[in-house]
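Here is what each chain is made of, one letter per residue.
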Amino acid sequence: MRLEQSVIMNREAQSSDTALFRKDLPKAGCYSALDIGIRLTNGATSGIDVDILTVLKHISLVCNGNDYRWHISGHDFFRNFWLKHGRPMPYIWTEAGGGINEVWLRMEFGRFLGDPQYGLDLSRFNNVQLQIDYDATLLGAAAVTTFTTGTFTVTVIAHQFPYSSRPSFRGMLGCREFYTSTSAASGDIVEDLPSSVPVLALAVAAREDNVAEATDITDIEIGKDNFSVVYNKGKWYNFQAMQNADLDVREEIFDLLLTSGATRVAHLANLRSIDLQPRAATAGAA
Amino acid sequence: MTTSSVNYVAAATTVTGNQVTIIGNTITAPHTAGNTSGQPISAVKFAMKVVGDIHGLLRFPFADPETFDGVLLPADLRTAQIKLTQGGAGAALALIAEEVYPY
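What you see is a predicted model, and the numbers here were worked out from it, not measured in a lab.

Caption draft 1: Region of interest: the overall build of chain A. When its secondary structure is counted, chain A shows three helices and 18 strands. The C-alpha radius of gyration of chain A comes to 21 Å, within 12% of the 19 Å expected for a compact globule of 286 residues. Each of the three principal axes of chain A carries a C-alpha extent, and together these read 75 × 50 × 35 Å. When the 286 residues of chain A are sorted by exposure, 40% land in the buried category. The long-range share in chain A, meaning contacts at least 24 apart out of those at least 6 apart in sequence, stands at 73%.

Here is the structure:
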């Protein structure tokens with residue numbers, strides 16, 4: 001079945017650097033996915049360590065006002081797509097003065113793009129709203145070495161079925177954060193899984209910069225009936241090796257303005273290779 | 001007239017988790033003197049490529065992505081739990097469910 005890309009909004013700059021962006025989606029339409037593109041412009045001198053994913057506190061799809069079917073932070077959204085598909089959505093990280101950082105994120109409502117059985121049917125709801133809770137000032141106040149105020153821009157593109165041949169979906173897929181906290185030095189966290197609708201997959205995020213993987217969370221067990229039935233049980237480091245083995249892309253590239261002794265954090269860890277290539281030189285002449 | 005070439009080198013000297021510490025120097029080569037001198041770089045353009053594992057996220061699929069065979073149904077989920085063993089303070093934790101909503 002043919003799929004169309006419908007641009008709902010194109011690079012619309014937000015006047016506020018901190019806000020809950022809201023966009024009501026059309027009242028009718030059958031979406032297979034929704035692509036969200038975010039841009040943020042560096043300060044005139046530079047934009048040191050500006051990670052748009054940090055700015056994106058939560059991205060949500062809210063149906064009928066209070067039914068959060070997507071609700072996930074920028075960091076987890078980007079990583080979960082990468083781990084699920086083996087490759088990341090586009091990400092441009094630049095620290096150049098006036099450079100534009102850009103990241104794309106995709107809400108998938110079906111099993112694949114163009115899935116005729118699962119997708120978002122907007123006519124099933126009174127209202128469907130895309131929400132982006134963002135705060136660019138988490139990178140520091142707008143300045144010549146951070147970001148330029150008023151440059152947080154949003155693009156939204158729907159992968160939709162033609163109005164003349166809309167499929168009759170059986171359901172839609174969602175992706176929802178249902179628990180957050182900060183890890184402690186020891187002890188177990190035991191949390192009930194959400195139980196109102198079927199669960200296809202579960203993701204566990206434990207992010208801390210400058211800390212070796214498998215330190216903050218060492219073991220994970222998923223089961224039922226007080227763990228008399230176990231679905232998964234094991235060490236973080238073993239799960240990580242197993243799951244990352246299937247990735248097609250396990251590298252990322254940064255355009256940096258480096259000062260000796262500086263640190264940078266990546267979206268990857270267990271780093272095997274770090275290549276640094278200068279992009280500046282002055283030719284000598286006799 | 002003689003002008004000197006200016007080149008830059010950098011190395012990731014320390015790696016912990018997802019963080020790298022980078023030391024860089026400017027190499028200026030005065031042709032007339034025939035020697036080199038180095039000083040730390042400051043705001044020099046570099047491309048950095050890193051290769052590794054995705055930082056801080058694991059994903060546990062239960063169902064066949066095409067047929068949904070194996071999906072955890074509400075009857076299973078009623079008593080389903082996840083247990084995380086903590087070993088270090090300070091990580092931002094999140095649990096995320098990929099769900100199927102019927103119409």
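After presenting the structure, the write-up continues.
Caption draft 2: Examining the sheet that holds strand 14 (residues 217-224) of chain A more closely. Overall, antiparallel pairing links the four strands, which are arranged 12(A)-6(B)-14(A)-15(A) in an open sheet. Each end of this open sheet is capped by a strand with a single partner; those strands are strand 12 (188-192) and strand 15 (229-235) of chain A. Neighbour to neighbour, the strand axes of the sheet diverge by 15° on average, direction disregarded. Sheet analysis places strand 14 of chain A next to strand 15 of chain A, joined by six bridges and oriented antiparallel. Note that in strand 15 of chain A the partner of Lys 224 of chain A across the bridge is Val 229 of chain A.

Caption draft 3: Structural detail: the interface of chain A and chain B. The partner chain B presents 82 residues to the 113 residues of chain A that form the contact. Counted by class, the side of chain A that touches chain B contains 52 nonpolar, 31 polar and 30 charged residues. Here strand 13 (residues 199-207) of chain A pairs with strand 7 (residues 92-102) of chain B via eight bridges, running antiparallel. Residue pairing across strands places Val 199 of chain A opposite Glu 99 of chain B, the latter belonging to strand 7 of chain B.

Caption draft 4: Region of the structure containing the environment of Arg 11 of chain A. Residue and element names in this part refer to chain A. Within the fold, Arg 11 resides in strand 1 (residues 4-14). For Arg 11, a count of 12 C-beta atoms within 10 Å translates into the label exposed. Counting along the chain gives 263 residues from Arg 11 to Ile 274, while the straight-line C-alpha distance between them is 33 Å. In contact with Arg 11, not counting residues within four places along its chain, are Arg 39, Thr 153 and Thr 155.

Scoring rules and cut-offs
- Residues numbered from 1 in each chain as written.
- Chains lettered and ligands numbered in written order.
- Predicted model: local features only at pLDDT ≥ 70, side-chain atom pairs only at ≥ 80, totals over all residues.
- Helix = DSSP H or I, 4+ residues; strand = E, 2+ residues; numbered from the N terminus.
- Rg over C-alpha atoms; globule rule 2.2 N^0.38 Å.
- Buried ≥ 20, exposed ≤ 12 C-beta atoms within 10 Å, placed from the backbone.
- Contact = placed C-beta atoms within 7 Å.
- Pairing = 2+ DSSP bridges.
- Axes fitted to C-alpha atoms, helices over the stretch in contact; angles between N-to-C directions.
- Nonpolar A, V, L, I, M, F, W, Y, C, P; charged D, E, K, R; others polar.

Nothing here speaks to function; it is geometry throughout.
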